[in-house]
Amino acid sequence: MSAEFELCPGRKIGGSNPCFIIAEIGQNHQGDIEIAKKMIRMAKDCGADCAKFQKSEIEHRFTKHALERPYTSPHAWGPTYGAHKHHLEFSHQQYRELQQYANDIGIFFTASGMDEMAIEFLHEINVPFFKVASADTNNIPYLEKTAKKGRPMVISSGMQSMETMHCVYQTVKKHNLNFTFLQCTSAYPLPLEHANLSLIPEFQKEFPDIPIGYSGHETGIHVSVAAVALGAKVLERHVTLDKTWKGSDHAASLEPAELAELVRAIRMVEMAMGSPIKQMLPCEASCHSKLGKSVVARKPLQKGEILTLDMLTVKVAEPHGVRPENIFKLVGKKITEDLEEDATITDAMIKG
């Protein structure tokens, strides 16, 4: 299994590929398909790679009693939890309409399948990959059925232990080689001390053959940028058009200006990661020309003298000569011409 695979048509993750940025619209559309379209457009305009929703087949996801319980939250869209969830749930036809809109403007479209029937529908409409929400990460029957569909999977790790994640890895790997884990802490908004970015390299050590990413619920963009610097190959952040809107996710979401700045910052960090090979670069030539030091004669030297360390020193010189790290290699060598004090010593002047 490779740490690099195609998550969406023509778009690989892992390896040296850019971080894949998911704008999690979730249910921040307020149940309004026109707002949902505006949010897809916003994600595209801000530079995200994918607009993602949350799809439920409500009667399959919740028990009857869970749907009937009174819901008195200030974020409620109905008197019961069922009425609230139905208000926020788009129909199959509306999902197809949103998918077509995303295709038309050129951004990938998918959703978290919040139950097995939702996965069946998402498979039917041919989403490029399945997102597994943290609440289903330890739902082994769900994972097996989802993995067998053969689509790439992005799996969040909120509320789970590393032991559970090893179980998840083994479960999915039997049926599907193309999946990634996201470090995630399920709190909205997330206190910074619980982001646990140090788990990104831990995940990389525990599962070296899959890409590792980050799903963040903190406020602001700095933690997410740091996650990419630590090696996150997929980044998911909730987005909104207005943090003051009704809904528990809005406070932990990014408004358009923040999302755009996040994308810019990530691409700058990726550029700055550069090469792991340490060497003098062409862009350093000007500085080296002005400030680079060379070995010079500490005192006048006569042709034929055998060099000792006390005859040599290091200064900014013109022209450049033997590099300072090679000064000890000159000891015991013969100088082939007369030199004044401060004269540059070059390789051509050395014999032996």
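Coordinates for the structure precede this section.
Rules behind the numbers
- Residues numbered from 1 in each chain as written.
- Predicted model: local features only at pLDDT ≥ 70, side-chain atom pairs only at ≥ 80, totals over all residues.
- Heavy atoms only, no water.
- 1 Å grid on protein atoms, 1.4 Å probe; cavity = no way out; pocket = protein on both sides within 12 Å on 5 of 7 lines; lining within 4 Å.
- Points joined across faces, edges and corners; volume = space filled by probe spheres on them.
- Helix = DSSP H or I, 4+ residues; strand = E, 2+ residues; numbered from the N terminus.
- Nonpolar A, V, L, I, M, F, W, Y, C, P; charged D, E, K, R; others polar.
- Axes fitted to C-alpha atoms, helices over the stretch in contact; angles between N-to-C directions.
- Left-handed = near helix turned anticlockwise from the far one by under 90°.
- Contact = heavy atoms within 4.5 Å.
- Buried < 20%, exposed > 50% of the residue type's maximum accessible area, 1.4 Å probe, protein only.
- Salt bridge = Lys/Arg side-chain N within 4 Å of Asp/Glu carboxyl O.

A. Focus on the layout of surface pockets. Approximately 660 Å³ is the volume found for the largest pocket. Elements with a contribution of two residues or more to the lining of the largest pocket: strand S4 (50-55), helix H4 (81-88) and strand S10 (234-238). The leading source of residues in the lining of the largest pocket is H4, at four residues. Residue composition of the lining of the largest pocket, by class: 10 nonpolar, 15 polar and eight charged.

B. The arrangement of the packing of helix H7 (residues 140-147) against helix H8 (residues 162-173) in detail. Interhelical geometry of H7 versus H8 gives an angle of 35 degrees and a closest axis separation of 9 Å. Remark: the crossing between H7 and H8 carries right-handed chirality. Along its contact with H7, which presents Ile140, Leu143, Glu144 and Ala147, the element H8 presents Cys167, Val168, Thr171 and Val172.

C. Expanded view of helix H10 (residues 222-229). Of all the positions in H10, only Val223, Ser224, Val225, Ala227 and Val228 are classed as buried. Directly beyond the C-terminal end of H10, a positive phi value near 115 degrees is found at Gly231.

D. Spatial organisation of the pattern of salt bridges. Enumeration over the complete set of coordinates arrives at 21 salt bridges. The partner of Glu202 in a salt bridge is Lys205, with the nearest N and O atoms 2.9 Å apart. Here the residue Glu202 and the residue Lys205 both occupy positions in helix H9 (residues 199-206), the gap between them amounting to three residues, near one helical turn. Overall, the relative accessible area of 30% leaves Glu202 in the partly exposed class. Look at the salt bridges and you will find they share partners, linking Arg11, Asp49, Arg267 and Glu270 into a network.

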